[in-house]
Amino acid sequence: DGMNVLFIIVDDLRPVLGCYGDKLVKSPNIDQLASQSMVFSNAYAQQAICAPSRVSFLTGRRPDTTRLYDFYSYWRVHAGNYSTMPQYFKENGYVTLSVGKVFHPGVSSNYSDDYPYSWSIPPFHPSAEKYENDKTCRGKDGKLYANLVCPVNVTEMPGGTLPDIQSTEEAIRLLNIMKTNRQKFFLAVGYHKPHIPLRYPQEFLKLYPLENVTLAPDPWVPKKLPPVAYNPWTDIRQRDDVEALNVSFPYGPLPDDFQRQIRQSYFAAVSYLDVQIGLLLNALDNVGLSNNTIVVFTADHGWSLGEHGEWAKYSNFDVATRVPLMFYVPGMTTSPVSQGARVFPFLDPFSHIGGSAPQGQSKTVVELVSLFPTLAELAGLQVPPACPETSFGVELCTEGTSIVHYFNVSEGRVEEGKEGCGNTDRCFNKEPVALSQYPRPADTPQWNSDKPKLKEIRIMGYSLRTIDYRYTLWVQFDPNNFTADFEHVHAGELYMMENDPNQDYNIYNNTSHGWFFKKILG
């Protein structure tokens, strides 16, 4: 009577994974999941920052409808009483459970992770979470610091553990309970790493000798990048180790050797995350539920690792907006799985050699706002209706569209991404597109450019991504009535993917873009 859902959401994870073609990063457990899944290689978040992105994909509405661009409002009060994806599953007879960081904690989820609307029992938060920003990183002088780069000895940590280790343990405990009580469940597990600080068990550094770690392919600020588009990575500047470098604001750059250390620690944190995913999926095998549980794996947004001279998220570039996205659906992305079959044996990244190709892969451009209708359809629930043009008063509708029709790919074939769209896709000339956006307080980088509060927003960057290009308009925005004025364009960006895959050469000023302008208004 319907499948369970295991929904895995990772903080700040860009697709640096073996299954996405990364040759350096060791992610055998996520790659193994991909080998049984439909993998989307062009999936994008709606805003490259935690709370707005999560509220967007958990409600199936875009940030202009949730009216959340910062961390400081609760959509049910501030925008509309929108149903969430877990709430919809709960109302359809599922036990809904939240472990770790699923909703962004705080005001934006009513200080309760939207309990009791979204969850059957109060959400679990690991007790070690409260030490995340404390001075737990041992410097070369033996003293403790609150660093960005923070490999640690776990036994020396408060409680002898780390938040993601605790979240895995709790999720496994809940799986064991669900096995015995035989109710359908929707279990969301939110992992913190590789969110900063890059605090992870130090042994994972061994996987990435510094001499193997390169700089970003384009570590300079592009000549034609409009200043409004640049994010000055204020959050990492506040960490003790970065602050000590006394880097100039806003463009830096960071010293090359430190850039490589950040990249090394990000990759190490991804391998630490991979171990947690491996333990969690192995537990799904152990409780005999791999044959009737859909597994979704994604992230809330990406993270720049020095590309364009930028770090962190807070921009409209692919490095900040693109996320991994894969769906394991037994009997659909795999042949039928027998009860008790071992689908996900644990793989040790320190000894496992060799990758595994995705079961199916689509290059079609898709959006996280489509998660809600997609999961509803996969689980056999009625797909929520498409939202009308203005939907503040509509409790249940979605501004995304189910992407299940992209799953029908013959084995091993990569879908090319131009197959056209369902009738409700955000789509032009039958071409799928993804829309992301980012607010700014001013035309030039300020201390609050990365995270402007609602009242400080003066400009909104709307960014359209298709398989062929990324087109971004930075337009006048009034936070008092949430309106964007497309007649008042502050700056524009246009990158053609075929000859500029890294988005370094902005050709907006030497292109006539009436055609693109019509599309973004569409």
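Residues numbered from 1 in each chain as written. Predicted model: local features only at pLDDT ≥ 70, side-chain atom pairs only at ≥ 80, totals over all residues. Heavy atoms only, no water.

The next thing to look at is the packing of aromatic side chains. Considering all chains together, one arrives at 27 aromatic pairs under this definition. Ring centres of Phe249 and Trp447 lie 4.0 Å apart, and the angle between their planes is 20 degrees; this geometry places the pair in the stacked category. Residue Phe249 is found in the loop between helix 8 (240-243) and helix 9 (256-286), and its partner Trp447 is found in the loop between strand 17 (434-440) and strand 18 (459-465); the two are separated by 198 residues along the sequence. Accessibility expressed as a relative area gives 26% for Phe249, which makes it partly exposed. For Trp447, a relative accessible area of 56% puts it in the exposed group. Chaining the aromatic ring pairs together yields one cluster made of Phe7, Phe57, Phe89, Tyr94 and Phe186. Directly above the aromatic system of Phe392 lies the positively charged group of Arg67, at a separation of 4.3 Å from the ring centroid. It is Arg76 that lies over the ring of Tyr117; its NZ or CZ is 3.9 Å from the centre. (Phe/Tyr/Trp six-rings, centres within 6.5 Å; stacked < 30°, edge-to-face > 60°. Helix = DSSP H or I, 4+ residues; strand = E, 2+ residues; numbered from the N terminus. Buried < 20%, exposed > 50% of the residue type's maximum accessible area, 1.4 Å probe, protein only. Lys NZ or Arg CZ within 6 Å of the ring centre and 35° of its normal.)

Turning our eyes to something else, we now look at the environment of Phe407. Relative to the helices and strands, Phe407 is located in the loop between helix 11 (371-378) and strand 14 (414-415). Contacts of Phe407, omitting those with residues within four sequence positions, involve Met38, Phe40, Phe327, Val329, Met332, Thr333 and Leu378. (Contact = heavy atoms within 4.5 Å.)

A word on the packing of helix 6 (residues 163-181) against helix 9. Between helix 6 and helix 9, the least distance of the axes is 9 Å, while the angle of their chain directions is 10 degrees. Considered as vectors, helix 6 and helix 9 are oriented roughly parallel to each other. On the side of helix 6, the interface is formed by Asp164, Ile165, Thr168, Ala171, Ile172 and Leu175, while helix 9 contributes Tyr272, Gln276, Leu279, Leu280, Ala283 and Leu284. (Axes fitted to C-alpha atoms, helices over the stretch in contact; angles between N-to-C directions. Parallel < 35°, antiparallel > 145°, perpendicular 65-115°, else oblique.)

Here the protein chain averages 94 in pLDDT, and 96% of its residues register 70 or above. Across residues 420-428, where pLDDT falls below 50, the model places 29 contacts with residues more than four positions away in sequence or in other chains. (pLDDT = per-residue confidence, 0-100.)

Let's shift gears to the pattern of salt bridges. The final tally for this structure, using the stated rule, is 14 salt bridges. The salt bridge involving Asp114 is made with Arg76; its shortest N-O contact spans 2.8 Å. Taken together, the positions of Asp114 in the loop between strand 3 (95-100) and strand 4 (137-138) and Arg76 in helix 4 (residues 75-78) put the pair 38 residues apart, joining distant regions of the chain. On the basis of relative accessibility, which here comes to 0%, the residue Asp114 falls in the buried class. Judged by its relative accessible area of 11%, Arg76 is buried. Several salt bridges share partner residues, and in doing so they unite Asp11, Arg54, Lys101 and Asp300 into one network. (Salt bridge = Lys/Arg side-chain N within 4 Å of Asp/Glu carboxyl O.)

Counted residue by residue, strand 17 has seven buried out of seven residues, so it is predominantly covered. Burial along strand 17 is two-sided: Ala434, Ser436, Tyr438 and Arg440 and Leu435, Gln437 and Pro439, pointing in opposite directions, are all buried. Strand direction decides the pairing type here: strand 17 and strand 18, joined by seven bridges, are antiparallel. Within strand 18, the residue paired with Ser436 across the bridge is Ser463. (Pairing = 2+ DSSP bridges.)

To continue, consider helix 2 (residues 50-59). Counting buried residues along helix 2, ten of its ten residues qualify, which places the element largely inside the surrounding structure. Looking only at helix 2, the buried set comprises Cys50, Ala51, Pro52, Ser53, Arg54, Val55, Ser56, Phe57, Leu58 and Thr59. Where helix 2 is buried, its residues touch strand 1 (4-10), helix 3 (63-66), helix 4, helix 5 (85-91) and helix 11. In the stretch just after helix 2, Gly60 is the one whose phi turns positive, near 75 degrees.

The next subject is the UniProt feature "domain: Sulfatase N-terminal" (unreviewed entry) in the protein chain. Under the UniProt annotation, the feature "domain: Sulfatase N-terminal" (unreviewed entry) is placed at residues 4-380. Helix makes up 27% of residues 4-380 and strand makes up 17%, while its end C-alpha atoms are separated by 11 Å. (UniProt positions renumbered as here; feature names shortened; annotations may be inferred.)

Enumeration according to the criterion identifies two disulfides in this entry. With a sulfur-sulfur separation of 2.2 Å, Cys137 is cross-linked through a disulfide to Cys150. Taking the torsion about the sulfur-sulfur bond, which here is approximately -100 degrees, the covalent link between Cys137 and Cys150 counts as left-handed. Of the two residues, Cys137 sits in strand 4 while Cys150 sits in strand 6 (residues 149-152), which places them 13 residues apart along the sequence. Residue Cys387 pairs covalently with Cys397 via a disulfide, S to S 2.0 Å. Across the disulfide from Cys387 to Cys397, rotation about the S-S bond amounts to roughly 90 degrees, and the bridge is consequently right-handed. Here Cys397 lies in the loop between helix 11 and strand 14 and Cys387 lies in the loop between helix 11 and strand 14, a separation of ten residues in the sequence. Cysteine Cys50 is unpaired, with the sulfur of Cys150 as its nearest cysteine sulfur at 18 Å. Given a relative accessible area of 2%, Cys50 falls into the buried group. (Disulfide = S-S within 2.5 Å.)

On to unusual backbone geometry. Here the residue pair Phe249 and Pro250 is connected by a cis peptide bond, since its omega of 0 degrees sits within 30 degrees of zero. If you trace the backbone, Pro250 turns up in the loop between helix 8 and helix 9. Even without a glycine there, the phi angle at His308 is positive, about 60 degrees. With respect to the helices and strands, His308 occurs in the loop between strand 10 (304-305) and strand 11 (311-312). One non-glycine residue with positive phi stands out, namely Gln503, at about 60 degrees. Along the chain, Gln503 falls in the loop between strand 20 (483-496) and helix 12 (514-521). The exposure class of Gln503 is buried, given its relative accessible area of 1%.

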